[in-house]
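A structural walkthrough
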Amino acid sequence: MNLIEEIKQLKAERNAVILAHNYVRPELQEIADFTGDSLELSIKAKNVKAETIVFCGVRFMAETAKLLSPDSVVLLPNPDAGCPMADMAAADAVAAYRAAHPEAFLVAYVNTTADVKAHVDLCCTSGNAEKIIAELPENQEILFLPDRNLGGNMNRKLDRKMDLWPGCCPTHDHVTPEMIAEARAAHPGAKVLVHPECAPEVVAAADEALSTGGILKFVRESFDKAFIIGTESGILHRLRKENPGKEFYPLQPEMICPDMKKITLENVRDCLKNMAPRIELPEEILREAVKPIEAMIARS
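Presented here is a report on the structure given in the accompanying data block. This is a predicted model, so every value here is computed, not measured.

Definitions and cut-offs
Along each chain, residue indices are assigned from 1 in the same order as the chain's sequence is written. The predicted origin of the model limits local features to residues at a pLDDT of at least 70 and limits the giving and counting of side-chain atom pairs to 80 or more, whereas totals for whole chains, interfaces and linings rest on all residues. Note: side-chain values were computed over all heavy atoms of the structure, leaving out hydrogens and water. Think of it this way: any DSSP run of H or I at least four residues long counts as a helix, any run of E at least two long counts as a strand, and we number them from the N terminus. In this setup the radius of gyration rests on C-alpha atoms only. A globule is expected at 2.2 Å times the number of residues raised to 0.38. Each residue's exposure class comes from its accessible area (1.4 Å probe, protein chains only) as a fraction of the maximum for that residue type: buried when under 20%, exposed when over 50%, partly exposed otherwise. What makes two residues a contact is simply this: any of their non-hydrogen atoms within 4.5 Å. By the counting scheme adopted, Arg and Lys are positive, Glu and Asp are negative, and His together with the chain ends is not counted. Charged groups are reduced to one reference atom each: NZ for lysine, CZ for arginine, CG for aspartic acid, CD for glutamic acid. Any pair of Phe, Tyr and Trp rings, taking the six-membered ring for Trp, is counted once the centres come within 6.5 Å. Such a pair is stacked with planes under 30 degrees apart, edge-to-face with planes over 60 apart, and tilted for the rest. At least two DSSP bridges between two strands are needed for those strands to be called paired. Angles shown run from 0 to 180 degrees and are taken between the N-to-C directions of axes, each axis being a line fitted to C-alpha atoms and, for helices, limited to the stretch in contact. Remark: nonpolar core denotes a set of buried residues (Ala, Val, Leu, Ile, Met, Phe, Trp, Tyr, Cys) joined through side-chain atoms within 4.5 Å. When the strands point away from the viewer and the path from the first strand over the helix to the second turns clockwise, the crossover is right-handed.

Some thoughts on the overall build of the chain
Helix and strand content of the chain: 16 helices and twelve strands. A compact globule built from 300 residues should have a C-alpha radius of gyration of about 19 Å, and the chain, at 19 Å, falls within 12% of that. Counting every position in the chain, which comprises 300 residues, the buried fraction comes to 55%. Across the chain, every contact between residues at least 6 apart in sequence was considered, and the portion connecting residues at least 24 apart equals 61%. Charged side chains of the chain number 34 positive and 45 negative; the gap between the two group centres comes to 5 Å.

Here's the deal with the packing of aromatic side chains
Using the criterion set out here, one finds one aromatic pair in the structure. Measuring from ring centre to ring centre gives 5.6 Å for F227 and F248, while their planes differ by 20°; the resulting arrangement is stacked. Highlighted residues: F227 in strand β11 (residues 226-230) and F248 in strand β12 (residues 247-250), separated in sequence by 21 residues. The pair formed by F227 and F248 is uniform in burial state, with each residue classed as buried.

Here we look at the sheet that holds strand β9 (residues 191-194)
Strand pairing in a sheet relies on backbone hydrogen bonds. The paired strands run either parallel or antiparallel. The strand order β10-β9-β11-β12 describes an open sheet built from four strands, whose pairing is parallel. Only two strands of the sheet have a single neighbouring strand rather than two, namely β10 (208-209) and β12. Where β9 lies against β10, two bridges are found, and the strand directions are parallel. Within β10, the residue paired with L193 across the bridge is E208. Against the sheet, helix α13 (residues 212-221) engages β9, β10, β11 and β12, with an angle of about 160° to β9. Across the face of the sheet, helix α14 (residues 235-242) comes into contact with β11 and β12 while running at roughly 170° to β12.

Examining the nonpolar core
In terms of nonpolar packing, the biggest core is built from 91 residues, with L145, I229, L239 and V268 touching the most fellow members. The residues touching V268, leaving out its near neighbours within four places in the chain, are I7, I18, L28, I31, V54, C56, P77 and I263. The next biggest cluster of nonpolar side chains, apart from the first, holds 15 residues, and it includes M179, A190, V203 and A206.

Observations regarding the environment of G189
Along the chain, the position of G189 falls in the loop between α11 (177-186) and β9. In this structure the C-alpha to C-alpha distance between G189 and I228, which are 39 residues apart in sequence, comes to 9.7 Å.

Re the pairing of β9
Each regular strand displays side chains that alternate between the two surfaces of the sheet. Here four bridges tie β9 to β11, and the two strands are oriented parallel to one another. Of the residues in β11, the one forming a bridge with K191 is F227. Handedness of the crossover joining β9 and β10 through helix α12 (residues 200-205) is recorded here as right-handed.

Shown next as structure tokens:
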């Protein structure tokens with residue numbers, strides 16, 4: 001029995017669903033039941049009511065799946081797959097900000113730990129941040145965390161003055177407008193699509209700033225034939241698979257998130273075999289951290 005057949009057999013035995021984020025290794029996307037954005041995947045897992053959820057992504061994503069499916073066993077195949085941006089906002093620091101600014105409304109990007117979500121009022125994704133923030137009162141004091149770039153892009157687009165937590169995604173934060181100019185010169189006429197985790201000046205230099213789901217949709221519906229993709233390179237596999245008549249160029253070859261590449265097929269087999277490592281959250285966190293996610297879903 002080869003590795004993929006072994007995974008399929010174990011998946012059936014465990015009544016499991018395998019989720020793969022758009023950034024993980026291509027071979028993981030190929031064996032997944034669902035591929036997509038982190039929250040999109042967690043909602044799908046909740047709807048299929050699987051006994052076991054294998055989340056091929058990073059830890060905060062698996063935690064979100066656990067929050068939405070508390071009765072399911074949630075497995076993170078490689079426990080070392082974390083998120084530097086999520087780690088830039090510690091729960092005790094967020095709690096201290098809340099205590100010092102009792103009138104502030106705290107909006108957290110889903111790229112935060114469950115411990116942090118338990119201290120905020122509302123969550124958002126890169127795809128719905130504009131809608132979520134636009135609906136908040138104009139005079140409301142807001143802290144946006146942890147991504148200063150996504151928050152800065154929303155401030156610029158919506159003419160807001162949200163306070164911004166000093167966090168970022170290292171993979172997206174290193175992109176510069178000069179890189180976009182070089183890519184346009186190398187691929188004349190190609191549309192430049194970047195992620196809103198890039199800095200505001202990068203977003204201003206691009207044609208579109210979209211979530212991973214937004215990039216997939218834009219390309220699918222576009223009559224353009226060539227695209228420069230300014231986000232983690234894992235998405236190129238799905239873009240090329242779903243759009244065989246179109247050309248895709250990475251904005252930078254080194255747009256790779258090391259954590260997104262930590263999970264392997266062997267990890268998936270082993271976690272299904274051992275039913276570990278599991279995502280375990282205290283009851284208080286399960287109860288409190290799901291509230292801002294549910295509030296977001298209700299508004300979306």
